[in-house]
Amino acid sequence: MSRKAPQVDIDESELSVTHPEDHAAGPTAVAVSMKRALEGMGVRRTAQTLLQLNQADGFDCQGCAWPDPSPEHRHTAEFCENGVKAVTDEVMLRRAGPEFWAAHPVAELEGRTDYWLGQQGRITEPMVLREGGTHYEPIAWDDAFGLIGEHLNGLDSPDEAVFYTSGKVSNEAAFAFQLFVRAYGTNNLPDCSNMCHESTSVGLAEVIGIGKASVTLDDVHDAEVLVIAGQNPGTNHPRMLSALEIAKKNGARIIAINPLKEAGLVRFKNPQNPRGVVGRGTTMADLYLPVRINGDLALFQAIASLLLEWGALDRDFIEQHTHGFEAYAEHLRALDWDLVLEATGLPREQIEEAARMIAGSRRTVYCWAMGITQHRNGVANVKEISNLAFLQGNIGKPGAGLFPVRGHSNVQGDRTMGIWERPPAHFLDALRDEFGFEPPREHGLDAVAAVKAFRDGRAKVFFGLGGNFVGAMSDTTVTEDALRRADLTVQVSTKPNRSHLVHGKVALILPPLGRSEKDLTGGRPQRVTVEDSVCSVHASQGPLEPASPHLRSEVDIIASTAMATLGDRHGIPWAEFRDDYRQLRRRIGRMVPGCAGYEEKVDQPGGFVMPHPPRDTRTFETDVQRAVFTVSPTEVLQVPEGRLLLQTMRSHDQFNTVIYGLDDRYRGVKDGRQVVFLSPRDIESQGLRDGQHVDIVSEWEDGSTRTVERFRVVSYDTPVGCAAAYYPETNPLVSLDSKAIGSNQPAYKSIIVRLVPSAVDAPSQGRPLGTSSDESPDGGTEPKRYVAPTQLS
């Protein structure tokens with residue numbers, strides 16, 4: 001199955017590669033940020049937005065979930081370069097109104113890139129693509145809600161509908177959405193966490209009893225050692241660099257574990273102080289471990305075995321608060337170091353150096369992101385990090401803990417509010433007691449299972465509350481084919497994206513207010529709340545006039561859809577919830593654990609912190625009421641000769657599937673995205689040259705292959721045998737059945753591939769996304785439907 005990216009609007013021949021930057025941020029970041037803001041928003045709107053961004057009385061950034069400092073310690077400019085990009089992207093002055101959709105048939109838009117689609121501007125009113133239609137056309141809000149209700153009520157079973165949630169959705173909207181979906185009768189509530197930190201949620205819940213970070217921002221500042229694994233904060237969580245700078249000033253040392261050498265983990269030039277503008281900035285990593293892709297688990301076990309050998313343990317914590325230590329210790333004593341060195345690609349001396357740093361630390365914080373979770377053994381990776389923390393009692397004390405850094409601004413809050421296909425019984429009991437109906441108890445579909453349900457004809461309606469499901473999912477061709485089988489697809493979206501073009505027989509686009517915009521639903525100023533990576537909940541209220549008078553809030557859209565679908569079923573006061581979000585927060589306060597007094601608590605400057613038993617009292621709500629040591633096999637991902645391990649990743653001009661621009665400044669890439677990063681040795685051994693174009697072919701155990709075409713080879717500092725390329729362009733390479741054991745999360749970070757020189761070393765004209773092709777007998781191409789492979793081991 002071969003796939004070319006659309007090239008209608010990007011000439012990849014303009015792509016150039018320079019030396020990667022040796023630091024993150026600095027004056028260049030300031031200049032880039034302000035240029036982008038002023039060009040995209042204008043002077044007045046730039047001032048209106050940036051001065052209120054991440055402030056206690058302002059609005060929360062649409063980007064990552066990095067925690068804010070306490071109100072008294074916030075800067076006037078409490079934002080980063082990529083935060084400015086996120087805001088500018090939402091506040092942009094361009095509009096994709098009815099005239100845009102009238103001028104562009106869907107078939108034409110399919111040939112456009114994700115970048116071009118996102119640059120067309122804000123959608124201004126509801127749009128519908130009717131069965132057999134070629135263009136989206138306007139539809140009245142009430143007619144759109146009625147159409148959704150008609151389709152939902154016409155299904156044979158509520159389980160034939162799937163309700164997806166993006167991590168940007170507010171707590172109020174998330175709570176209302178899960179209430180509507182469960183009142184309708186299903187737990188089919190996949191969310192973006194299924195693709196990013198599901199391995200964290202599963203792994204931590206099993207070993208500490210809660211799937212959230214056990215630290216505060218002060219713990220990061222006060223740590224003696226910070227371990228940052230599988231994470232690129234310079235691009236994905238830039239404000240984290242300020243916290244790391246404070247930690248460094250307090251004497252902390254940093255161990256960075258990542259295959260690629262990323263600028264943000266080398267040096268940080270803080271643009272808010274003179275040293276960052278004109279000086280050398282702050283050195284970040286004291287030790288950089290360029291681990292081989294998927295070698296993290298072996299590395300963590302090796303470090304743990306050395307801590308055990310040296311007696312660098314907190315025996316009191318182990319005896320009083322943990323379970324399973326003896327079995328884990330026995331596993332460590334039998335560790336095969338030859339296997340460790342093969343899996344990690346690191347010399348033993350480097351591993352011992354890392355172990356000595358951790359052994360000598362009284363307070364260690366372990367941070368991680370997608371480089372840990374998006375593997376077949378992602379859950380085991382998370383548990384292995386937890387084992388390390390347990391050995392030295394690095395949980396439930398100041399300056400220490402487990403810190404999964406979330407990638408989307410309210411993905412954690414959405415899960416707290418009940419957005420989960422596998423809700424715990426106590427949450428459903430509370431929902432029943434509060435609203436007087438019996439919610440469904442059977443677990444619903446996650447993201448991977450949802451695609452399979454559409455593929456197999458078991459699902460017929462897709463409702464996406466934000467995000468770009470088609471762009472984010474693995475096995476893009478299979479995902480697209482599956483969604484096209486739906487009877488109805490509904491997308492709640494601020495701007496055009498790929499999911500609008502991969503549609504069911506009937507498709508709706510419902511444009512919501514952005515987080516930066518005033519919400520006067522019900523004739524009164526409304527605010528919403530969000531939860532960050534460290535369980536801090538705070539209010540957010542936009543200052544700007546909406547992009548269009550026809551926009552509605554997410555809460556309004558959900559409540560109105562519920563009224564059109566359920567009527568007065570169960571007596572849920574949807575109109576009250578729509579017109580006054582305080583009514584939703586009062587219900588949240590009564591039934592969501594940790595949210596008692598919710599409305600009053602979010603009135604406080606900076607909000608409040610959710611309870612976290614392991615952090616607060618060293619209590620662990622696991623099956624054995626203790627923190628659980630876990631034994632996982634030490635494995636090496638075997639790669640056939642001539643093949644490489646590929647990881648997918650973001651560029652610096654990107655947030656999730658949103659493409660802000662075509663540059664990746666920190667990695668030296670300009671004006672293009674079709675690149676694959678390789679070590680110089682691999683370029684030589686593969687018989688390639690730097691700058692050559694190759695097709696990337698993934699290979700699977702059932703004999704199937706997937707191909708993306710025409711990627712430029714870029715020489716980069718990465719381990720031999722490892723490669724990297726941007727998503728969503730490389731998502732088609734990931735089989736739907738390649739996923740993490742225990743979490744069902746797509747394994748985007750460990751793909752076995754081979755590289756094939758492209759047939760013609762010149763810019764491709766491309767073909768629309770959503771098709772694959774085989775050569776036909778006459779030398780032409782024709783679309784080919786692809787059936788997903790069977791379960792891969």
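Residues numbered from 1 in each chain as written. Predicted model: local features only at pLDDT ≥ 70, side-chain atom pairs only at ≥ 80, totals over all residues. Heavy atoms only, no water.

This brings us to the overall build of the protein chain. For the protein chain, the count of helices and strands is 30 helices and 34 strands. The C-alpha radius of gyration computed for the protein chain amounts to 25 Å, which stays within 12% of the reference 28 Å derived for 793 residues, consistent with globular compactness. On the principal axes, the C-alpha backbone points of the protein chain span a range of 70 × 70 × 55 Å. A separation of at least 24 residues holds for 79% of the contacts in the protein chain among residues at least 6 apart in sequence. Approximately 27,100 Å² of the protein chain is accessible, and the part contributed by carbon and sulfur atoms is 50%. Across the protein chain, the centroid of the 82 positively charged side chains sits 3 Å from that of the 105 negatively charged ones. (Helix = DSSP H or I, 4+ residues; strand = E, 2+ residues; numbered from the N terminus. Rg over C-alpha atoms; globule rule 2.2 N^0.38 Å. Contact = heavy atoms within 4.5 Å. Areas by Shrake-Rupley, 256 points an atom, 1.4 Å probe, with all protein chains shown as cover. Lys, Arg positive; Asp, Glu negative; His and termini not counted. Charge placed at Lys NZ, Arg CZ, Asp CG, Glu CD.)

The next thing to look at is the nonpolar core. Core analysis: the biggest nonpolar cluster contains 61 residues, and Phe-163, Phe-177, Phe-180, Leu-508 and Trp-574 have the highest contact counts within it. At 10 residues, helix H7 (residues 171–184) tops the list of elements feeding residues into this core. Leave out the neighbours within four places in its chain, and Trp-574 touches Ala-176, Leu-179, Phe-180, Ala-559, Ala-562, Met-563, Leu-566 and Gly-567. In this structure, Val-291, Leu-306, Leu-313 and Ala-355 belong to the second largest nonpolar core, which totals 55 residues. (Core = buried A, V, L, I, M, F, W, Y, C linked by side-chain atoms within 4.5 Å. Buried < 20%, exposed > 50% of the residue type's maximum accessible area, 1.4 Å probe, protein only.)

Here we take up the packing of aromatic side chains. Using the criterion set out here, one finds 25 aromatic pairs in the structure. A ring pair is formed by Phe-100 and Trp-101, whose centres lie 5.1 Å apart and whose planes are at 85°; its orientation type is edge-to-face. Here Phe-100 matches Trp-101 in class, with each residue buried. With centroids separated by 5.4 Å and ring planes inclined at 20°, the aromatic side chains of Tyr-328 and Phe-629 adopt a geometry described as stacked. (Phe/Tyr/Trp six-rings, centres within 6.5 Å; stacked < 30°, edge-to-face > 60°.)

So, on to the sheet that holds strand E6 (residues 127–129). Spatially, the six strands line up as an open sheet ordered E7-E6-E19-E18-E17-E8, and their pairing is mixed. Each edge of the open sheet is held by one strand with a lone partner, namely strand E7 (137–138) and strand E8 (161–165). (Pairing = 2+ DSSP bridges.)

Before going further, it helps to spend a moment on the packing of H7 against helix H27 (residues 581–591). Two numbers describe how H7 lies on H27: the axes approach to 10 Å, and their chain directions differ by 70°. It follows that H7 is roughly perpendicular to H27 by the angle criterion. Contact residues: Asn-171, Glu-172, Phe-175 and Ala-176 in H7; Tyr-581, Leu-584, Arg-585, Arg-587, Ile-588 and Met-591 in H27. Within the contact of H7 with H27, the residues separate by chemical class into six nonpolar, one polar and three charged. (Axes fitted to C-alpha atoms, helices over the stretch in contact; angles between N-to-C directions. Parallel < 35°, antiparallel > 145°, perpendicular 65-115°, else oblique. Nonpolar A, V, L, I, M, F, W, Y, C, P; charged D, E, K, R; others polar.)

What follows deals with the state of the cysteines. Counted by the stated rule, this structure contains zero disulfides. Here Cys-192 is not cross-linked by a disulfide; its sulfur's nearest cysteine counterpart is in Cys-196, at 5.1 Å. Cys-367 forms no disulfide, and the closest cysteine sulfur to it belongs to Cys-64, at a distance of 13 Å. On the accessibility criterion, Cys-367 (1% relative accessible area) is buried. (Disulfide = S-S within 2.5 Å.)

Under the defined criterion, the tally for this structure stands at 55 salt bridges. The partner of Asp-580 in a salt bridge is Arg-582, with the nearest N and O atoms 2.9 Å apart. As a salt-bridge pair, Arg-754 and Glu-699 come within 2.4 Å of each other at their nearest N and O atoms. Placement of the pair is Arg-754 in strand E32 (residues 751–757) and Glu-699 in strand E29 (residues 693–699), with a sequence separation of 55 residues. Ionic contacts of the salt-bridge type, sharing partners, join the residues Arg-36, Glu-81, Lys-85, Asp-653 and Arg-665 into one network. (Salt bridge = Lys/Arg side-chain N within 4 Å of Asp/Glu carboxyl O.)

Detailed reading of the predicted coordinates is not advisable wherever pLDDT is low. When pLDDT is averaged across the protein chain, the result is 91; 92% of the residues are at 70 or more. In this model residues 762–793 is a low-confidence stretch, pLDDT under 50, and it forms 74 contacts with partners more than four residues away in sequence or in other chains. (pLDDT = per-residue confidence, 0-100.)

It is worth spelling out the pairing of strand E21 (residues 536–540) at this point. Of all the five residues making up E21, five are buried; the element is thus mostly covered by neighbouring parts of the structure. Side chains of E21 alternate between two faces, with Ser-536, His-538 and Ser-540 and Val-537 and Ala-539 buried alike. The pairing of strand E20 (residues 528–531) with E21 spans four bridges and is classified as antiparallel. Residue pairing for E21: Val-528 is matched across the bridge by Ser-540. Connecting the antiparallel pair E20 and E21 is a turn made up of four residues, with Cys-535 showing a positive phi of about 70°. Note that E21 and strand E22 (residues 608–609) share two bridges and pair antiparallel. Across the sheet, the residue bridging to Ser-536 is Val-609, located in E22.

The next point concerns the packing of helix H13 (residues 296–310) against helix H17 (residues 348–359). Orientation of H13 relative to H17, taken along the N-to-C sense of each, is 60°, at an axis distance of 9 Å. If you check the angle between H13 and H17, you find them oblique. Between H13 and H17 lies a crossing whose hand is right-handed. In contact with Leu-299, Ala-302, Ile-303, Leu-306, Leu-307 and Trp-310 of H13, H17 contributes Arg-348, Ile-351, Glu-352, Ala-354, Ala-355, Arg-356, Ile-358 and Ala-359. Considered class by class, the residues forming the contact of H13 with H17 number 11 nonpolar, no polar and three charged. (Left-handed = near helix turned anticlockwise from the far one by under 90°.)

Once that is clear, we can look at the sheet that holds strand E10 (residues 253–257). Strand order in the open sheet formed by five strands is E13-E10-E9-E15-E16, with parallel pairing between adjacent strands. Two strands lie at the open edges of the sheet, namely strand E13 (287–289) and strand E16 (401–404), each paired on one side alone. Neighbour-to-neighbour, the strand axes of this sheet turn through a mean angle of 15°, independent of strand direction. Two strands pair when backbone bridges link them, and E10 and E13 are joined in this way by three bridges, in the parallel orientation. Within the sheet, the bridge partner assigned to Ala-256 lies in E13 and is Tyr-288. The strands touched by H17 within the sheet are strand E9 (225–229), E10, E13 and strand E15 (364–368), with E13 carrying the most contacts at an inclination of about 130°.

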